[in-house]
There are 2 protein chains.
Amino acid sequence: MVSLTPRAERLLKALIEQYIADGQPVGSRTLVKQAGLEFSPATVRNIMSDLEELGLIRSPHTSAGRVPTERGYRFFVNTLLAVKPLNTQDVASLEDRFLADQDPQQLIESVSGLLSQVTRLAGIVRVPRRAGVGFLQLDFLALSPTRVLVILVAQDGQVMNRVIHPKRPYSPAELQQAANVFNGAYSGRSLEEVRRSLVKALRRDSEDMQQILRSAVEMAHQVFAGEERGEQPLFVSGESNLLAFPELSDTEKLRRLFDAFTAKQDLLHLLDQSMVSQGVQIFIGAESGYEALESCSVVTAPYEVDGQVVGTVGVIGPKRMSYDRVISIVDVTARLLSGALSHGQAG
Amino acid sequence: MVSLTPRAERLLKALIEQYIADGQPVGSRTLVKQAGLEFSPATVRNIMSDLEELGLIRSPHTSAGRVPTERGYRFFVNTLLAVKPLNTQDVASLEDRFLADQDPQQLIESVSGLLSQVTRLAGIVRVPRRAGVGFLQLDFLALSPTRVLVILVAQDGQVMNRVIHPKRPYSPAELQQAANVFNGAYSGRSLEEVRRSLVKALRRDSEDMQQILRSAVEMAHQVFAGEERGEQPLFVSGESNLLAFPELSDTEKLRRLFDAFTAKQDLLHLLDQSMVSQGVQIFIGAESGYEALESCSVVTAPYEVDGQVVGTVGVIGPKRMSYDRVISIVDVTARLLSGALSHGQAG
DNA sequence: CTTAGCACTCCCGCTTCCTGAGTGCCAGGG
DNA sequence: CCCTGGCACTCAGGAAGCGGGAGTGCTAAG
């Protein structure tokens with residue numbers, strides 16, 4: 001960890017804040033004026049020179065001002081940033097947004113839009129995996145002789161469903177019976193347990209099972225298969241906000257970035273990483289490890305249901321973002337979301 | 001409708017095709033060479049002059065070649081375009097994509113991705129309104145004493161659900177009874193009918209209704225309320241493909257365009273418009289009537305379930321797109337989708 | 001009616017020049 | 001020893017100037 005004189009710290013802080021504000025390289029003269037420093041431009045230049053040697057800032061070219069490096073941002077975020085809590089007004093307006101909605105799934109999805117609106121950046125939300133949730137009930141519904149709707153309900157009110165085409169027709173009575181047996185067998189287990197158990201049951205010979213139950217297992221298993229394929233555990237909103245930033249206007253990079261939003265793979269990994277840690281996490285530029293995000297910073301915070309981390313909310317923007325503001329917003333949002341979900345959960 | 005000499009038509013066709021191919025204004029010399037015309041550049045210039053007077057082409061500036069106007073594209077599409085059917089290989093590869101998936105909802109959603117991949121433009125899909133579908137069954141499931149999961153199943157296998165918080169606790173038996181009464185009352189009606197009937201029933205005094213049925217009606221109504229709010233009847237994919245086109249690289253326009261993708265309002269209107277007509281529809285530039293789309297063309301085709309138009313698929317790209325190819329693809333895709341859905345429906 | 005020829009226009013890319021912002025260094029002063 | 005004013009130096013970026021080339025419109029001859 002680099003250590004600086006208080007003056008150098010102050011200077012660096014002023015420089016980065018200035019650069020975040022207007023995106024232009026900042027020179028010694030402007031810095032003195034802007035930040036109201038009590039020493040001269042020449043002194044500032046000397047200090048800047050030191051900071052440059054430490055790799056915290058750099059010049060785009062000889063006669064331009066200085067610009068923060070990723071290391072500079074990192075230092076800024078780690079030690080210079082006073083994360084002032086949001087003023088109560090902002091908190092209140094965020095809270096309002098959480099009152100309107102009640103359905104947990106919808107609430108979670110709406111948070112990405114909320115984040116993108118208040119930060120004017122792109123908002124992301126990692127929705128909970130369903131694995132840990134308790135299994136509540138399974139229903140078979142005959143749509144037609146050869147089409148059966150399988151409905152699987154989890155304890156938190158999530159519903160998974162899928163139309164399947166069984167090999168032979170089943171009567172409603174048979175379906176009812178199968179569902180009963182199935183529900184008896186799996187009641188109270190977690191979805192992940194159910195899924196694993198189903199896989200195992202499918203592998204076993206069908207002989208040691210009632211024919212009807214075997215069919216039920218097969219059908220239920222298809223619900224999971226469908227979920228695994230079609231699941232969208234990640235929501236991104238407000239991508240178009242990023243078009244407003246000149247530093248992201250390189251078409252090729254922009255394309256990569258938007259492809260990453262579509263593919264979601266990389267973002268998912270990133271968010272999963274940040275699920276293990278507690279509190280707000282910040283990935284500056286290349287720190288995320290993904291090329292597409294190298295011109296961006298990502299601020300994330302996990303959220304919980306009844307004390308258990310289940311997902312992550314976050315914001316993606318240019319490296320030059322108002323970290324203090326964004327961090328507060330992401331933090332508060334994650335807390336509010338946790339609160340809303342846990343209340344809803346407790347019923 | 002403008003009418004041209006055969007030669008002028010041929011010239012215009014060649015010019016537009018050339019421009020579509022490389023995006024550069026095309027001059028008389030290049031046109032002669034490229035299109036293998038048997039008359040001289042000077043003649044071409046004379047004809048071009050006529051075409052310009054008719055508003056079919058224009059010069060970006062004095063010494064540049066000519067570029068099609070929207071009117072030019074329109075004429076091209078209307079009368080010059082020989083929509084060659086896709087070669088069987090392409091059709092086959094499209095067909096493949098329709099085999100893998102079976103769930104209608106998922107299939108429909110995946111089509112927007114499919115279209116964006118094969119055209120390298122943005123794909124859009126308008127999913128069916130649920131109004132016309134038949135109502136199959138309603139279920140109430142007690143999650144906890146104060147939380148009830150309402151599951152509404154339509155005849156086509158679509159499932160709508162919502163967690164509600166009734167004012168007083170209901171026992172599973174009560175819920176079962178309510179569902180039975182409800183299902184008896186509404187079986188066989190369309191969702192729209194059910195919805196309207198629910199609204200009416202809610203207005204009426206509760207006295208002439210069993211208390212339990214009234215609760216059922218209220219709860220069921222909330223499912224529709226939830227659907228109306230959260231419904232996403234439009235899917236867009238491959239937006240990032242559009243970043244590759246220099247004519248769309250104006251940041252401000254790009255932003256508007258992407259905002260339109262997010263807001264979806266305008267696109268929805270456009271697609272609803274094209275649902276009433278049969279077959280492929282083409283909106284060139286300002287023809288769509290939406291500012292955000294003024295640099296784009298939209299190609300759409302409605303798709304059907306059992307002979308009834310239920311939605312629209314389409315492609316959005318720059319005005320300079322390979323209309324013949326895109327039209328074929330959109331057309332075939334709509335047909336294949338209709339086929340897949342109708343088969344699935346018939347069971 | 002076509003076509004060759006020709007004068008004309010004007011974008012584009014190239015260079016050149018200049019200006020202004022900003023730096024690095026040095027030498028003097030507290 | 002550190003700060004500061006001064007000064008020479010660098011360099012991006014805009015303005016101006018300058019062909020070259022692509023393309024046009026017009027005219028006159030075949």
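Within each chain, residues carry numbers counting from 1 in the order of the written sequence. To label them, take the chains in the order written and letter them from A, then take the ligands in the order written and number them from 1. In view of the model being predicted, local features appear only for residues whose pLDDT reaches at least 70, and side-chain atom pairs are presented and counted only at 80 or more, with totals across whole chains, interfaces and linings using the full set of residues. Here the side-chain values reflect all heavy atoms present in the structure, with hydrogen atoms and water set aside.

**Q** Got a minute to help me understand the protein's contact with DNA strand D in this structure?
**A** One heavy atom suffices: a residue is near a molecule or strand as soon as one of its heavy atoms comes within 4 Å of it. Contacts to DNA strand D come from 20 residues, most closely from Arg7, Ser40, Thr43 and Thr62 of chain A together with Ser28 of chain B. Taking all atoms of DNA strand D within 4 Å of the protein, the share assigned to sugar and phosphate is 76%. Polar contacts, as counted here, are pairs of nitrogen or oxygen atoms within 3.5 Å of one another; within protein the pair requires one atom able to donate a hydrogen and one able to accept it, and residues that are adjacent in sequence qualify only if both atoms are side-chain atoms. At a separation of 3.4 Å, a sugar or linking oxygen of DNA strand D approaches a polar side-chain atom of Thr62 of chain A. For the surface near DNA strand D, the secondary-structure elements that each account for two or more residues are α3 (41–53) of chain A together with α2 (28–35) and α3 (41–53) of chain B. In this text, helices come from DSSP runs of H or I with a minimum length of four residues, and strands from runs of E with a minimum of two, each type numbered from the N-terminal end. For the surface near DNA strand D, the leading source of residues is α3 of chain A, giving four residues. Any residue that is not Ala, Val, Leu, Ile, Met, Phe, Trp, Tyr, Cys, Pro, Asp, Glu, Lys or Arg is counted as polar, Gly included; the first ten are nonpolar and the last four charged. Among the residues making up the surface near DNA strand D, the classes are represented as four nonpolar, twelve polar and four charged.

**Q** Would you take a moment to explain the pairing of strand β10 (residues 308–318) of chain B for this structure?
**A** Consecutive side chains of a regular strand alternate in pointing toward one face of the sheet and then the other. Residue and element names in this part refer to chain B. The cut-offs for exposure are 20% and 50% of the maximum accessible area for each residue type, with area from a 1.4 Å probe on protein chains only; residues under the lower value are buried, those over the upper are exposed, and the others partly exposed. Within β10, nine of the eleven residues are buried, which leaves it mostly tucked inside the rest of the structure. We treat two strands as partners when DSSP finds at least two bridges between them. One ladder, built from five bridges, connects strand β3 (residues 122–126) with β10; its direction is antiparallel. In the strand pairing of β10, Arg126 is matched with Thr312. Summarising the sheet, strand β9 (residues 296–305) and β10 pair through ten bridges and their orientation is antiparallel.

**Q** Just checking my understanding: could you explain helix α1 (residues 6–22) of chain B for this structure?
**A** Think of an α-helix as 3.6 residues a turn; residues three or four steps apart then line up on the same face. Residue and element names in this part refer to chain B. For α1, which comprises 17 residues, the first-to-last C-alpha distance of 25 Å matches the rise-based estimate of 24 Å (1.5 Å per residue) to within 8%. Within α1, the full set of buried residues consists of Ala8, Leu11, Leu12, Ala14, Leu15, Ile16, Gln18, Tyr19 and Ile20. With its phi angle positive at about 75 degrees, Gly23 sits one or two positions after the end of α1. One fewer than the residue count of a helix, multiplied by 1.5 Å, yields its expected span.

**Q** Teacher, can you tell me more about the packing of α1 of chain B against α3 of chain B here?
**A** Residues and elements named next belong to chain B. With axes taken as lines fitted to C-alpha atoms, and helix axes fitted only over the stretch in contact, angles between N-to-C directions fall between 0 and 180 degrees. Where α1 meets α3, the axes come as close as 10 Å, and the angle between the chain directions of the two elements is 90 degrees. In terms of axis orientation, α1 runs roughly perpendicular to α3. Residues Arg7, Ala8, Leu11, Leu12 and Leu15 of α1 form the contact with α3, whose own contacting residues are Thr43, Val44, Ile47, Met48 and Leu51. Oblique is the label for any angle not under 35 degrees, not over 145, and not in the 65 to 115 range, which are roughly parallel, roughly antiparallel and roughly perpendicular in turn. Residues are treated as being in contact if the distance between any of their heavy atoms lies within 4.5 Å.

**Q** Whenever I open this one, the pattern of salt bridges confuses me. Can you help?
**A** Opposite charge on two side chains permits pairing when their charged atoms draw close. Definition used for salt bridges: Asp or Glu carboxyl oxygen within 4 Å of a side-chain nitrogen of Lys or Arg. Overall, the coordinates contain 24 salt bridges over all chains when judged by the stated rule. For Arg66 of chain A, the salt bridge is made with Glu52 of chain A, and the minimal N-O distance between the two is 2.6 Å. With Arg66 of chain A in the loop between β1 (57–58) and β2 (67–68) and Glu52 of chain A in helix α3, this pair connects stretches of sequence that are 14 residues apart. Residue class for Glu52 of chain A comes out partly exposed when judged on its relative accessible area of 28%. A salt bridge links Glu174 of chain B to Arg168 of chain B, with the shortest nitrogen-to-oxygen separation between them at 3.1 Å. In this structure Arg168 of chain B comes out as partly exposed when scored by relative accessible area, which is 35%. Taken together, the shared-partner salt bridges in this structure form one network comprising Glu192, Arg195 and Arg196 of chain A.

**Q** Quick question: what am I supposed to make of the protein's contact with DNA strand C here?
**A** Close to DNA strand C lie 20 residues, the nearest being Ser28 of chain A together with Arg7, Thr43, His61 and Thr62 of chain B. Expressed as a percentage, the sugar and phosphate content of the atoms of DNA strand C within 4 Å of the protein is 78%. At 2.4 Å from a phosphate oxygen of DNA strand C is found a side-chain nitrogen or oxygen belonging to Arg7 of chain B. Among the secondary structure elements, those contributing two or more residues to the surface near DNA strand C are α2 (28–35) and α3 of chain A together with α3 of chain B. Here the surface near DNA strand C gets four residues from one element, more than from any other, and that element is α3 of chain B. Looking at side-chain class alone, the surface near DNA strand C contains four nonpolar, twelve polar and four charged residues.

**Q** Help me out: how do you make sense of the sheet that holds strand β6 (residues 159–164) of chain B in this one?
**A** The strands making up a sheet are joined through hydrogen bonds of the backbone, oriented either antiparallel or parallel. Residue and element names in this part refer to chain B. The strand order β4-β5-β6 describes an open sheet built from three strands, whose pairing is antiparallel. Unpaired on one side and paired on the other, β4 (135–144) and β6 mark the two borders of the sheet. In this sheet, neighbouring strand axes are inclined to one another by 15 degrees on average, regardless of whether the strands run parallel or antiparallel. Note: β4 against strand β5 (residues 147–154), eight bridges, orientation antiparallel. Across the sheet, residue Ser144 finds its bridge partner in β5, namely Arg147.

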